[in-house]
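Residues per chain are reported as follows:
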Amino acid sequence: MTKSKTPNGKEEIDSKPPSTPKPDIRLRVLDRLVGTWTLHHRDVDTGEEWGGQDTFEWMSGGFFLAFRHEEFGRNIKGVMLIGYERKYGAANSSPNLMGHCFESSSGNHFEYTWEVDDDSVTFWLGNRNSSSAFKGSWSDDHNKITGRWRWAGGGYELTMTRA
């Protein structure tokens, strides 16, 4: 309940409960990532290959997509939360789809800017159009993403296949 004053100075009590926030409709584009994915990596310089697994699931409430990542034989594990940030007290969410990755194997925290549409998945380390980025394309049935991670001095090809 909230209290307010009418134009003539009388106090009124609004008995309606405050509205519950709803997840940003722009998040729906991430629905196709939900599930478990088998990873195949190939270093572009050495040709070395290794596997891994990604799992995407909506957190309770639907405001953030939880992304668990592991690269087998590399001691790389982490969790990323993806969503539109809304700073405490702000009325609106950010314009950019952001990911905050916490790597349990190193203690590092990384911020990513994401873009997902019907044709592709792109995420940049830091800001949009950073030189460190993954750019991949969906298969026609949306059960495979094929692309490449690039950064200064290296990169790897990555194929993600829905398990």
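It should be noted that the structure appears before, not after, this text.
What this report covers is the structure whose coordinates are included nearby. (Residues numbered from 1 in each chain as written. Predicted model: local features only at pLDDT ≥ 70, side-chain atom pairs only at ≥ 80, totals over all residues. Heavy atoms only, no water.)

## What to know about the pairing of strand β10 (residues 133-138)
In this structure, strand β9 (residues 120-125) lies alongside β10, joined through five bridges in antiparallel fashion. What sits directly across from V121, in β10, is G136. The hairpin turn running from β10 into strand β11 (residues 144-151), its antiparallel successor, is five residues long, and H142 in that turn takes a positive phi close to 60°. (Pairing = 2+ DSSP bridges. Helix = DSSP H or I, 4+ residues; strand = E, 2+ residues; numbered from the N terminus.)

## Points about the sheet that holds strand β4 (residues 49-58)
Whenever strands of a sheet pair, they do so through backbone hydrogen bonds, lying parallel or antiparallel. Taken in spatial order, the 10 strands of this closed barrel run β3-β4-β5-β6-β7-β8-β9-β10-β11-β12, and their pairing is antiparallel. Looking at each pair of strands side by side, their axes are set apart by 20° on average, direction ignored. Here strand β3 (residues 35-43) pairs with strand β12 (residues 154-162) via seven bridges, running antiparallel. Counterpart to H41 in the pairing with β12 is L158. (Axes fitted to C-alpha atoms, helices over the stretch in contact; angles between N-to-C directions.)

## Some thoughts on the packing of aromatic side chains
For the structure shown, the criterion picks out 12 aromatic pairs. With a centroid separation of 5.5 Å and an interplanar angle of 70°, the aromatic rings of W50 and Y156 are classed as edge-to-face. Remark: Y156 occurs in strand β12 and W50 occurs in strand β4; sequence separation between them is 106 residues. A residue is classified by how much of its surface remains accessible, and Y156, at 10% relative accessible area, is buried. Members of the aromatic cluster, each reached through a chain of ring pairs, are W50, F56, F67, F110, Y112, W114, F123, F134, W149, W151 and Y156. Lying over the aromatic face of W138, R32 brings its terminal NZ or CZ to 5.4 Å of the ring centre. (Phe/Tyr/Trp six-rings, centres within 6.5 Å; stacked < 30°, edge-to-face > 60°. Buried < 20%, exposed > 50% of the residue type's maximum accessible area, 1.4 Å probe, protein only. Lys NZ or Arg CZ within 6 Å of the ring centre and 35° of its normal.)

## Some words on the environment of N92
When you line up the elements, N92 lands in the loop between β6 (76-84) and β7 (97-103). In sequence terms N92 and T122 are 30 residues apart; their C-alpha atoms lie 24 Å from each other.

## Things to note about the pattern of salt bridges
The tally for this structure, following the rule as stated, stands at seven salt bridges. Residues R32 and D118 are paired through a salt bridge, measuring 3.2 Å at the closest nitrogen-oxygen approach. Linking R32 in the loop between β2 (11-14) and β3 with D118 in the loop between β8 (109-116) and β9, this pair joins segments that are 86 residues apart in sequence. Under the relative-accessibility criterion, R32 is labelled partly exposed at 22%. Taking relative accessible area as the criterion, D118 reaches 52% and is therefore assigned exposed. Its salt-bridge partner being E115, residue R128 comes within 2.4 Å of it at the nearest N-O pair. Placement of the pair is R128 in the loop between β9 and β10 and E115 in strand β8, with a sequence separation of 13 residues. What makes E115 partly exposed here is its relative accessible area of 36%. (Salt bridge = Lys/Arg side-chain N within 4 Å of Asp/Glu carboxyl O.)

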